[in-house]
Amino acid sequence: MGSTSAHNNEGLGRRNLIKRSAALSLIAVPTMGFLSGCATGGGGDDGKASDKPKAETSAKNPLGVKNGTALEAFIFKGGLGDQYAKDAEADYKTTYQAEVKHTGTQEVGPKLTPRFAGGNPPDVIDNSGANHLDMNKLSSQGQLQDLGVLLDAASLDDPNKKVRDIIHPSTLEKGKHGDKFDVLYYAFTIYGTWYSQKLMESKGWTYPKTLDEMVKLCGEIKKEKIAPWTYAGKYPYYVHFNLFAQIAKIGGMPGWIEIDNLEPNAWTKNDAVKEVIEHYEELAAKKYFLEGSQGLTHIQSQTSWTKGKAVFIPNGSWVENEAAPTTPKDFGMSVGALLDGTGDKLPSGTLRGEPSEPYIVSAKGKNPIGGMELLRIMLSKKHAQNFATKVKSLTCVLDATEGMTLSPGLASASAAVKAAGENLISLQLQEWYPALTDEKIGGLTGQLLTGDLKASDWIKKTQAEADKVAKDSSVTKFKRSS
C-alpha cells in the first residue's frame with residue numbers, strides 16, 4: 001500500500017487526463033495559522049541543499065554526492081514492503097562507500113514530526129500510510145528539498161536523457177507545491193474494480209460495460225450464493241476509489257474539477273453524482289454487498305474476496321501484493337475499467353490511474369544531495385523493474401516493464417492502461433482534503449452501503465460537508481484548472 005490518506009496505500013488523487021497533465025495548474029492558497037503546526041529548525045528555509053557537503057559533479061555523479069557521506073532513509077513499510085528501497089540503498093552504499101541507515105515503519109508521521117521540529121530529519125522519506133506527514137505544511141515551511149535539480153540531472157541509464165524525460169508527465173505535475181517540485185511520487189497506481197478472472201470464466205460471466213449491466217450481473221451472481229461485492233467497511237473511503245472516478249467518467253472532468261475546487265453546489269448540480277450514488281443505493285437495496293462488510297478492514301475484505309466469498313472489490317493495484325498471502329495461484333487477478341452510464345462525457349475504457357507513493361527529501365537533513373541520488377538510483381530501469389517484480393506494481397518510470405513477464409494483476413493493470421490510452425483520469429479531492437473525503441464523506445458512504453442513508457441525503461450532506469471545508473479558513477485550499 002502507499003497512499004498519503006488514511007489507508008497507507010499507493011496514493012490517491014492528482015492529475016487529469018495524462019496527455020493534459022502538463023497543463024494542470026496547482027495553486028496553493030495559504031490561510032492564516034497554516035504554519036503554526038510544526039516548528040522549523042536547522043539551516044535556511046529555501047528548500048535548497050547548496051550549503052550541504054558536495055563533491056565535484058561528473059557524468060556518473062551529476063548531483064555531486066560526496067563519497068563516504070552517510071545517508072538516512074525512512075521508508076513506509078505497508079503493502080509494498082520496503083525491500084525494494086533496501087535494494088536501491090545497497091547500490092548507493094556500494095557506489096559511494098557510505099553507510100545507509102534504514103528504518104521501515106508504518107508510523108512515519110508520529111516518528112518524524114518531532115525530528116522535523118527539532119531540525120534533524122532523515123534525508124529521504126517515503127511519506128505514505130495512515131500516519132503520514134503533512135507535506136503541504138512541510139513544503140510551506142521550506143522543509144522539503146526542491147527536487148528540480150534531480151529532474152535536471154542525467155538519468156542513470158542514459159546520460160543524454162534527464163530524469164524529467166524518463167518519468168510520467170503526471171508525476172511531474174503531481175509533485176508540485178505551487179511552482180516548486182518537491183515530492184516524487186514513485187509508484188503509479190491503477191484504481192478500479194478487481195475480480196478473479198478464473199471465477200468469472202468458470203461461471204460464464206463477463207465483466208460489465210455499463211452500470212445497468214453491473215446491476216444485472218450482480219443479480220446473476222447472487223443466485224449462485226456468492227456476494228457480488230465486498231469492501232473495507234471500516235475504511236469506506238476505499239469505495240471512493242471507484243465512486244469518485246465513476247462520477248468523473250460519466251459527468252466529465254470539468255464537473256469533477258469543480259468538486260475538487262470546492263465550488264458551490266458542485267455535488268448537487270452534477271447529474272452524474274445523482275446517477276452514480278443512486279447506482280450504489282440500488283446495490284445496497286438489493287443486498288449485493290457481502291453481509292458484514294461494514295465491519296471489515298481492508299485486509300479482511302480482501303481476504304473474503306480472494307477466498308471467493310465475493311466477486312468484486314474496489315481497490316488500487318497495490319492489492320495484488322498486499323493480498324498475496326491469501327490469493328490462490330490460479331486466481332487470475334484482474335482489474336476492470338470504469339463503467340458507462342447515461343450521456344457519458346468520457347469514452348468506454350476510461351481508467352483512473354495516478355502517481356502514488358510520495359517520496360520527499362529533507363532540505364534540512366544532513367545529506368539531501370544523497371537523498372536525491374537515492375531517488376535517481378530508484379528511477380533507473382533496474383530498480384523500476386525490481387519494484388515491479390517485488391511488489392507487483394508500476395512505477396513512474398516510462399516503459400520500464402516492457403519485455404518483462406508480469407504477474408496477473410500487474411499484467412491486467414498494464415493492459416488496462418494501454419487500452420485507456422489518453423483516457424486516464426486523476427482526481428484531487430482525496431489527496432487535498434482527506435479529512436473531508438475519508439472521514440466525513442466516508443461516514444456517509446458507509447451509511448449508504450448499509451441502506452441507512454438515501455442517495456438524495458448522501459448528496460445533500462456531502463455538499464454540506466464540502467461547503468464547511470470551503471468556508472474553513474484554517475484549511476489550506478488548492479485549485480486546479482484542468
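Here the structure is a predicted model, which means the values were calculated and not measured. (Residues numbered from 1 in each chain as written. Predicted model: local features only at pLDDT ≥ 70, side-chain atom pairs only at ≥ 80, totals over all residues. Heavy atoms only, no water.)

**Student:** Teacher, can you tell me more about the overall build of the protein chain here?
**Tutor:** When you go through the protein chain residue by residue, the secondary structure sums to 19 helices and 14 strands. Burial status across the protein chain gives 60% buried among its 482 residues. Contacts in the protein chain between residues at least 24 apart in sequence constitute 78% of all its contacts with a sequence separation of at least 6. In the form shown here, the protein chain has an accessible surface area of approximately 18,600 Å², with 50% of it arising from carbon and sulfur atoms. (Helix = DSSP H or I, 4+ residues; strand = E, 2+ residues; numbered from the N terminus. Buried < 20%, exposed > 50% of the residue type's maximum accessible area, 1.4 Å probe, protein only. Contact = heavy atoms within 4.5 Å. Areas by Shrake-Rupley, 256 points an atom, 1.4 Å probe, with all protein chains shown as cover.)

**Student:** I tried to follow the packing of aromatic side chains on my own but got confused; where do I start?
**Tutor:** For any pair of aromatic rings, the description consists of the separation of the ring centres together with the inter-plane angle of the planes. All chains considered together, the criterion is met by 24 aromatic pairs. Judged by centre distance (5.3 Å) and plane angle (15°), the ring pair of Tyr195 and Tyr207 falls under stacked. Here Tyr195, found in strand β7 (residues 184-196), pairs with Tyr207, found in the loop between α7 (197-203) and α8 (211-223); they are 12 residues apart in sequence, far enough to count as distant. For the pair Tyr195 and Tyr207, one class covers both residues: buried. Pairing Phe244 with Trp267 gives two aromatic rings, centres 5.8 Å apart and planes at 55°, and the pair type is tilted. (Phe/Tyr/Trp six-rings, centres within 6.5 Å; stacked < 30°, edge-to-face > 60°.)

**Student:** Any chance you could explain the confidence of the model for the protein chain here in plain terms?
**Tutor:** Interpretation of this model should avoid reading the predicted coordinates in detail wherever pLDDT is low. Looking at the protein chain as a whole, its pLDDT mean stands at 89, while 89% of the residues score no less than 70. Scored below 50 in pLDDT, residues 1-45 shows 194 contacts in the model against residues more than four places distant or in partner chains. (pLDDT = per-residue confidence, 0-100.)

**Student:** Sorry if this is basic, but what is going on with the pairing of strand β2 (residues 71-76) here?
**Tutor:** Side-chain positions along a regular strand alternate between the two faces of the sheet. Counting buried residues along β2, six of its six residues qualify, which places the element largely inside the surrounding structure. What you see with β2 is no split at all: Leu71, Ala73 and Ile75 on one side and Glu72, Phe74 and Phe76 on the other are buried throughout. Here β2 runs beside strand β3 (residues 100-105); their pairing, made up of six bridges, is parallel. Looking across to β3, one finds that Leu71 is bridged to Val100. In this fold, the crossover linking β2 to β3 by way of helix α1 (residues 83-96) has right-handed handedness. (Pairing = 2+ DSSP bridges. Right-handed = clockwise from strand over helix to strand, strands pointing away.)

**Student:** Is there a simple way to think about unusual backbone geometry in this case?
**Tutor:** The general pattern is negative phi for most residues beyond glycine and trans for most peptide bonds. Notably, Gln97 is not glycine yet its phi reads approximately 45°, a positive angle. Relative to the elements of secondary structure, Gln97 occurs in the loop between α1 and β3. On the basis of relative accessible area, Gln97 is assigned to the exposed category, the value being 52%. Here the phi dihedral of Asp399 falls at roughly 60°; this positive angle occurs in a residue that is not glycine. With respect to the helices and strands, the residue Asp399 is situated in the loop between β12 (394-395) and α16 (408-420).

**Student:** Just checking my understanding: could you explain the packing of α1 against helix α14 (residues 368-378) for this structure?
**Tutor:** Each pair of packed helices gets described by two things: the angle between the helix axes and the distance between those axes. Closest axis-to-axis distance for the α1/α14 pair is 9 Å, and the angle between their directions is 115°. The two elements α1 and α14 cross, and the hand of that crossing is right-handed. Residues Tyr84, Ala88, Glu89, Asp91, Tyr92 and Tyr96 of α1 lie in contact with α14, whose contacting residues are Gly370, Glu373, Leu374, Ile377 and Met378. Across the contact of α1 with α14, the residue classes break down as seven nonpolar, one polar and three charged. (Axes fitted to C-alpha atoms, helices over the stretch in contact; angles between N-to-C directions. Left-handed = near helix turned anticlockwise from the far one by under 90°. Nonpolar A, V, L, I, M, F, W, Y, C, P; charged D, E, K, R; others polar.)

**Student:** Would you take a moment to explain the packing of α8 against helix α11 (residues 271-285) for this structure?
**Tutor:** Contact geometry for α8 and α11: axes closest at 11 Å, N-to-C directions at 5°. Here α11 runs roughly parallel to α8, going by the angle between their axes. On α11, the residues that touch Leu211, Met214, Val215 and Cys218 of α8 are Glu275, His279, Glu282 and Leu283. (Parallel < 35°, antiparallel > 145°, perpendicular 65-115°, else oblique.)

**Student:** Sorry, what's going on with empty space enclosed by the protein here?
**Tutor:** With a probe scaled to a water molecule rolled over the atoms, the places where space remains empty come into view. This model, assessed by the stated rule, comprises two cavities of 30 Å³ or more. A volume near 120 Å³ is recorded for the largest cavity. Contributing to the lining of the largest cavity are 16 residues, with Thr193, Asn242, Gln246, Tyr280 and Leu339 lying nearest its centre. Counting residues per element, the ones that place at least two in the lining of the largest cavity are β7, α8, α9 (240-251) and α11. One number sums up the size of the second largest cavity: a volume of about 40 Å³. Every residue along the wall of the second largest cavity is listed here: Trp229, Thr230, Tyr231, Val239, Asn242, Tyr280, Phe289 and Pro314. Its residues assigned to classes, the lining of the second largest cavity shows six nonpolar, two polar and no charged. (1 Å grid on protein atoms, 1.4 Å probe; cavity = no way out; pocket = protein on both sides within 12 Å on 5 of 7 lines; lining within 4 Å. Points joined across faces, edges and corners; volume = space filled by probe spheres on them.)

**Student:** What is the right way to look at helix α2 (residues 108-118) in this model?
**Tutor:** What sets the pattern is the α-helix's 3.6 residues per turn: residues three or four places apart point alike. Buried within α2 we find Val108, Gly109, Leu112 and Phe116. The buried residues of α2 occupy an angular sector of 85° when the element is viewed end-on, so they sit on one face. If you follow the buried residues of α2, they end up packed against β2, β3, β4 (124-126) and α3 (135-140). Directly after α2, the chain includes Gly119, whose backbone phi takes a positive value near 80°. (Arc of directions from axis to C-beta.)

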